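# Examining the three-dimensional arrangement
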Amino acid sequence: VPVDGSHWLSMRELLDMLQQKGHEVVVVAPEVTMHIKPSKSFVMKTYPVPFTKKEMDDVFEGFIKDVFEEGSFLERVIRLYQRAKQNSALFLATCTHLLHNKELIRYLEESKF
C-alpha cells in the first residue's frame, strides 16, 4: 500500500493469471485511483479517502511538471521537496483511511485476507 500507478500495471497481469488458475483474487483499493478499476478477474473492495480524483491528479501532474521546471538548483530542490511532501500526505491519507475503515478491516479478517 499504496500500489497504484506503475506498481498496479505490473501486478494486474499477475492477478489475471492467478484468477485463471482458479484462485479467488480480492483487490483492496481506495475509491480514488489512477489505474485500479473493477474487473471480472477479481473482487474489488474499495474504501473512501479524503481527496478527489482531480486533487490526486493535480498532485502527480504537479510533481512531473516541477521535475522539468527551470530554476536554480536550490529552487528546484525546494519545489520537489514540497511536491514530495504532498505525495507523501496523499499516500498517508490513503493508508490511514484503509486502516481506520472498521467494516473493511472486519471483512478482511473474516475472509482471512
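Residues numbered from 1 in each chain as written. Predicted model: local features only at pLDDT ≥ 70, side-chain atom pairs only at ≥ 80, totals over all residues. Heavy atoms only, no water.

### Things to note about the environment of Glu-103
Rule in force here: Counting from the N terminus, the helices are the DSSP runs of H or I reaching at least four residues and the strands are the DSSP runs of E reaching at least two.
Along the chain, Glu-103 falls in helix H4 (residues 102-110). Taking the C-alpha atoms as reference points, Glu-103 and His-7, 96 residues apart in sequence, are found 26 Å from one another.

### Focus on the nonpolar core
Heads up, the rule is: Each nonpolar core is a collection of buried residues, namely Ala, Val, Leu, Ile, Met, Phe, Trp, Tyr and Cys, held together in the definition by side-chain atoms within 4.5 Å. Here's how the labels work: a residue is buried when its accessible area is under 20% of the maximum for its type, exposed when over 50%, partly exposed in between, all with a 1.4 Å probe on protein chains only. Note on contacts: a residue pair qualifies if any of its non-hydrogen atoms lie within 4.5 Å across the two residues.
Counting residues in each nonpolar core, the largest one holds 13 residues, and the members touching the most others are Val-28, Tyr-47, Phe-51, Met-56, Leu-90 and Leu-104. Beyond its immediate sequence surroundings of up to four residues, Leu-104 is in contact with Val-28, Lys-45, Thr-46, Tyr-47 and Leu-98.

### Considering the environment of Glu-70
Residue position: Glu-70 is located in the loop between helix H2 (53-68) and helix H3 (73-99). In this structure the C-alpha to C-alpha distance between Glu-70 and Val-25, which are 45 residues apart in sequence, comes to 45 Å. Those residues within four positions of Glu-70 in sequence are excluded, and the remaining contacts are Arg-76 and Arg-79.

### Some remarks on the packing of H2 against H3
Convention followed: Orientation is described by axes fitted as lines to C-alpha atoms, over the contacting stretch for helices, and by angles from 0 to 180 degrees between their N-to-C directions. For classification, angles of less than 35 degrees are called roughly parallel, those exceeding 145 degrees roughly antiparallel, those between 65 and 115 degrees roughly perpendicular, and all remaining angles oblique. Crossings are classed by handedness, with left-handed meaning an anticlockwise turn of the near helix from the far one by less than a right angle and right-handed meaning a clockwise turn. The nonpolar class holds Ala, Val, Leu, Ile, Met, Phe, Trp, Tyr, Cys and Pro. Asp, Glu, Lys and Arg form the charged class, and all remaining residues, Gly among them, are polar.
Two numbers describe how H2 lies on H3: the axes approach to 10 Å, and their chain directions differ by 155°. In terms of axis orientation, H2 runs roughly antiparallel to H3. With respect to the hand of their crossing, H2 and H3 are arranged in left-handed fashion. Each of Met-56, Asp-58, Val-59, Phe-60, Gly-62, Phe-63, Asp-66 and Val-67 in H2 lies in contact with H3, whose residues at this interface are Arg-76, Arg-79, Leu-80, Arg-83, Ala-84, Gln-86, Asn-87, Leu-90 and Phe-91. Per-class residue counts for the contact of H2 with H3 are 9 nonpolar, 3 polar and 5 charged.

### Structural notes on the packing of aromatic side chains
This is how it is decided: Any Phe, Tyr or Trp ring, taking Trp's six-membered ring, that has another such ring centre within 6.5 Å forms a pair; planes under 30 degrees apart are called stacked, those over 60 apart edge-to-face, and the others tilted. Sitting over a ring, as applied to charges here, requires NZ of Lys or CZ of Arg to be within 6 Å of the ring centre and within 35 degrees of the ring normal.
If you walk through the whole model with that rule in mind, you get 2 aromatic pairs. Their ring planes at 90° and their centres at 5.8 Å tell us that Trp-8 and Phe-42 sit as a pair that is edge-to-face. Here the residue Trp-8 occupies a position in helix H1 (residues 6-20), and Phe-42 occupies one in the loop between strand S1 (26-30) and strand S2 (43-47), the gap between them amounting to 34 residues. Classification of Trp-8 as buried rests on a relative accessible area of 3%. On the basis of an interplanar angle of 45° and a centroid distance of 6.0 Å, the ring pair of Phe-60 and Phe-91 is categorised as tilted. One end of the pair, Phe-60, is in helix H2; the other, Phe-91, is in helix H3, with 31 residues separating them in the sequence. Using a relative accessible area of 18% as the deciding quantity, one classes Phe-60 as buried. On the basis of relative accessible area, Phe-91 is assigned to the partly exposed category, the value being 34%. Sitting over the ring of Tyr-107, Lys-45 keeps its end group 4.2 Å from the ring centre.

### As for the pattern of salt bridges
Our working definition: Within this document, salt bridges are pairs made up of a side-chain nitrogen of Lys or Arg and a carboxyl oxygen of Asp or Glu, the two lying within 4 Å of each other.
The final tally for this structure, using the stated rule, is 5 salt bridges. Close ionic contact of Arg-83 with Asp-66 constitutes a salt bridge, the shortest N to O distance being 2.7 Å. Residue Arg-83 is located in helix H3, and its partner Asp-66 is located in helix H2; the two are separated by 17 residues in the primary sequence. The exposure classification of Arg-83 matches that of Asp-66, with both residues buried.

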